Structure formats: C-alpha cells, structure tokens
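Analysis of the macromolecular model
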Amino acid sequence: MTPSFTPDSRQLVLILADNGWRQPYAMSLAAGADRAVKPLLTGEFEAFQVLGFTPDAKTMFVVANKDDYAAMNVWRVDLKDGRMTALGRSPDYHRNAVVARNGQWAAAVAGNWAERPELKLLKGQAPAAGAEAGKLLTQSHDPAWAQVDVLRPERFSFKNRHGDIIPAYVFKPLGWAPTDKRAAIVYTYGGPLNDRHSVETDSFQPTGYVFAMYMAAKHGYVTVTVDPRGHSNYGEKFADANWEKPGAPQTEDLEDLAAYMKANLGVDGARIGLNGWSFGGFQTQYTMYTKPDLFAAGIAGAGPTEWENYNSWYSGRTIGKVDRTKPVLRKYSLLPLAKHLRKPLLLVHGMQDPNVLYQDTVNVYRALLESGKEGLVELFLDPDGEHALGGAVKAVGWHRKYEQFWLRNLGPAQQK
C-alpha cells in the first residue's frame, strides 16, 4: 500500500500487514543491499498513513492509533530506532492530516466528543511539558450544538467468550442506576471499513451516536454502540473474523454483550433491540435469524442479504472466495435463514441504492412472507434514496420511524 521514497532515495517505504497490523516497512535501495523489507515500528496498533519525512530522511510522520484504538494521533517517528512521539493531544481523533515539507508543522482536523472537530496546527516537534499540543485554526460549528449535546457517552469494553477485548460506548440516561431494568438499544456494524469503525472519539454518527443520545435523554433508554469482531483498525485477526463465516463471530460478541448489559448496565435482558446499517443491516438480520430469542426487536438498514450480488473486490477479501461462474457465495445468503425469525423486524432501504442493491431487501422480504412472517416484518422504503437514503426520507424522518418502532416493541424505559 502507498509506497513512497525517503527524500534521500535510499529507502522505499510501504505499508504491509506482515505482523498482523498495518504498519510501515522499509526496503533498502543501496547497491548490493538486502532487498528484504523490514518493519519500522513495533507494537499492536495500526499506522497505515505515512504523511511524509523530514528533508534529512531521519524522521517520518504517521497517523496511528497507538495507545488508543478509538483515536488516531499524528506521530513523529525516528527512523533510526522507531521511537514514536505524539504531536497531537489525546483523545483527539486526527483526520485529513498533512505535514509541511520541512517537517516543522503538521495540520489535521481533530476533535473528540467533548470538543467538535476543527482544523488544528501542530508543531513538528513534541510539545514541551504543559504546553498546548496544537493551535486551533477554525471555529466552524453551529453554537446550537450545545443545546443538543445533553449527554456524553461512556466508553467501556468487555471480554467475549474467546478472550477478545470488544470495545463499546454507552449513553446512560439521567437517573440511571445499575439495578435498573431498562429497555436498551444496540447499534452495530461489524464489517471492515478501511480505516473506520464505530467506537471513535470524534464520531457523531446519526444513529449510533446522535439518535442513541436522543433515546437515552428523552425516553430513558440505555443505548450502546459496539465494535464486534470484523471491524477494521483493530488488527488483522480482529478484522478477518468474517472470512467464510460472515455474521457468526459478531453474533457471538453480541450475545456476550447482551449478557454484559444485563449484568452491568441496568438493562432488562428481555427488552434489548438491535440495529445496524449496510454490513450492520446484514448483521442485524443474521443475528435475528440465527439467535431468534436474543433480541426483542431489530432494525436492519440496507443490508446485503445475498453476497453474490455485491462487489467482488469486497466480498473476495471479506466473505469468501469469489468465482462468478459458480455460486460459491450463495451459502452465505440470509434467505434460507429468514424462516427462523421470531421477533419484530423493520427492513429499511433506499430504492435507488447503487451500493447494496434494493433487490437484496426485496428478496429477503419475499422469503419472510413465504415463511409466514408477515406479522413480524415491516418495510420502510425511500423511493428516491440511495445507500444513505436522503431522497424523500431525510435523517429526521427515518429516526422518527425508528423511535416509534422501538417504543412500540420495547415499551417504556422502565416498566412498572
């Protein structure tokens, strides 16, 4: 990935995952030198964005989630010994980072849940003790956000049955107590997404964050967003969990999460809803069909239900081997599983979706009807919408639908 030469042209630097983590390696270009690539960094973290080098080729700049998987910082790396120095402030997540050619300055859009992301200027050297890590250059957010920002999530993690650490965050409503028996909603994705996942310190995702905050603040629900196995940016083993068994590892993690929520988060285990979009829409359905009593209701948005309809470049690296002349992906279809549905399910899709084809939802809906599940399944369609809707159905509209669905199927936060 992204090969580049050091300024002195003595090394070729490229990104590999040979040790299970995407990190920079170097190949010497000197005459007669060993051409083997050698790692420039060590440790269990992802560092797959090389921003540049100082003119003397002694220092490299990278973006990495060293020390915090929920954040990406800008790091200065000594190429002689691999020593790393953070230039930005924790827990800021640094995006779209660039470095000046002389290595004296860096800039990035950086922020966190407490401070909305803005453009920041960073010194190319480590800041002195007690000094500010960066200078704020912009103030672009509407001050009205303060009226919406009524709750902050708490990050937590739990061990699944295999000993893997699964990251998540939770919105707890005012008045929450660990002895409560509240209704709850889980938002999940579960698939690889290049450099993204859901539990990020600057993520204000409309459903997993903003709507989750709304349901906790207005209705008293406990709302959790989780990164089960299958997500990117947690290393190769974590990201590759889907291979030839898509949905199964995540369902294990969701089952373990439900038990954790019941024991630790004041949740009624019989009134937890599951929601996801895209791969999360697939995951929500897979879990509702294969563990039909685990969640009380589900909302599945734009989920690929038949992987042979999806992009070969994605399926062939994520799901299983692709051969367009043979139905090798058909065994991962959700259609044969749909008959096991036992709890209410809302299917959501944009009918002009060019990514996950609308036919995937039509076909699984047909399978549910043919299995006599018409009393359990609902359809919510955007006639003009694409993969993120946005046609006749805007974000406020589909979340109103979600709110009504959850209140009807999960009931009030705390039942008398």
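The coordinates are above.
As the structure is a computational prediction, the values presented were derived from the model and not from experiment. (Residues numbered from 1 in each chain as written. Predicted model: local features only at pLDDT ≥ 70, side-chain atom pairs only at ≥ 80, totals over all residues. Heavy atoms only, no water.)

Ranked by internal contacts, the top residues of the largest apolar core, which has 57 residues, are Val186, Val224, Leu257, Met261, Tyr289 and Trp307. Setting aside chain neighbours within four positions, we find Trp307 in contact with Pro246, Phe279, Phe282, Tyr314, Ser315, Ile319, Leu329 and Tyr332. Counting residues in hydrophobic clusters, the runner-up holds 22 residues, among them Ala183, Met215, Val348 and Val393. (Core = buried A, V, L, I, M, F, W, Y, C linked by side-chain atoms within 4.5 Å. Buried < 20%, exposed > 50% of the residue type's maximum accessible area, 1.4 Å probe, protein only. Contact = heavy atoms within 4.5 Å.)

Mapping Ala97 onto the fold places it in strand E9 (residues 93-99). Through-space distance from the C-alpha of Ala97 to that of Met261 is 37 Å; in sequence the pair is 164 residues apart. Residues in contact with Ala97, not counting those within four places in the same chain, are Leu51, Val63, Val74, Ala107 and Ala108. (Helix = DSSP H or I, 4+ residues; strand = E, 2+ residues; numbered from the N terminus.)

On to the packing of aromatic side chains. Counted under the stated rule, the structure contains 25 aromatic pairs. Ring centres of Trp145 and Phe204 lie 5.5 Å apart, and the angle between their planes is 90 degrees; this geometry places the pair in the edge-to-face category. In this pair, Trp145 sits in helix H1 (residues 145-148) while Phe204 sits in the loop between strand E15 (182-188) and helix H2 (206-219), placing the two residues 59 residues apart along the sequence. Relative to Trp406, the ring of Phe405 lies with its centre 5.4 Å away and its plane at 70 degrees, an arrangement referred to as edge-to-face. You'll find Phe405 and Trp406 in the same group, each marked buried. (Phe/Tyr/Trp six-rings, centres within 6.5 Å; stacked < 30°, edge-to-face > 60°.)

Taken together, the four strands give an open sheet; going across it, the order is E1-E2-E3-E4, and neighbouring strands pair in antiparallel fashion. Unpaired on one side and paired on the other, strand E1 (4-5) and strand E4 (38-39) mark the two borders of the sheet. (Pairing = 2+ DSSP bridges.)

Moving on to the environment of Asn194. Note that Asn194 resides in the loop between E15 and H2. Taking the C-alpha atoms as reference points, Asn194 and Gln49, separated by 145 residues in sequence, lie 12 Å from one another. Sequence-distant contacts of Asn194, that is, excluding residues within four places in its chain, are made with Arg22, Phe48 and Ser232.

Bringing the environment of His197 into the picture now. Locating His197 in the fold gives a position in the loop between E15 and H2. Separated by 143 residues in sequence, His197 and His340 have C-alpha atoms that sit 29 Å apart. Dropping the residues within four chain positions of it, His197 is found in contact with Tyr69, Ala70, Asp227, His231, Ser232, Asn233 and Tyr234. A distance of 3.0 Å separates a polar atom in the side chain of His197 from the backbone oxygen of Ser232. (Polar contact = N/O pair within 3.5 Å; in protein donor to acceptor, adjacent residues only side chain to side chain.)

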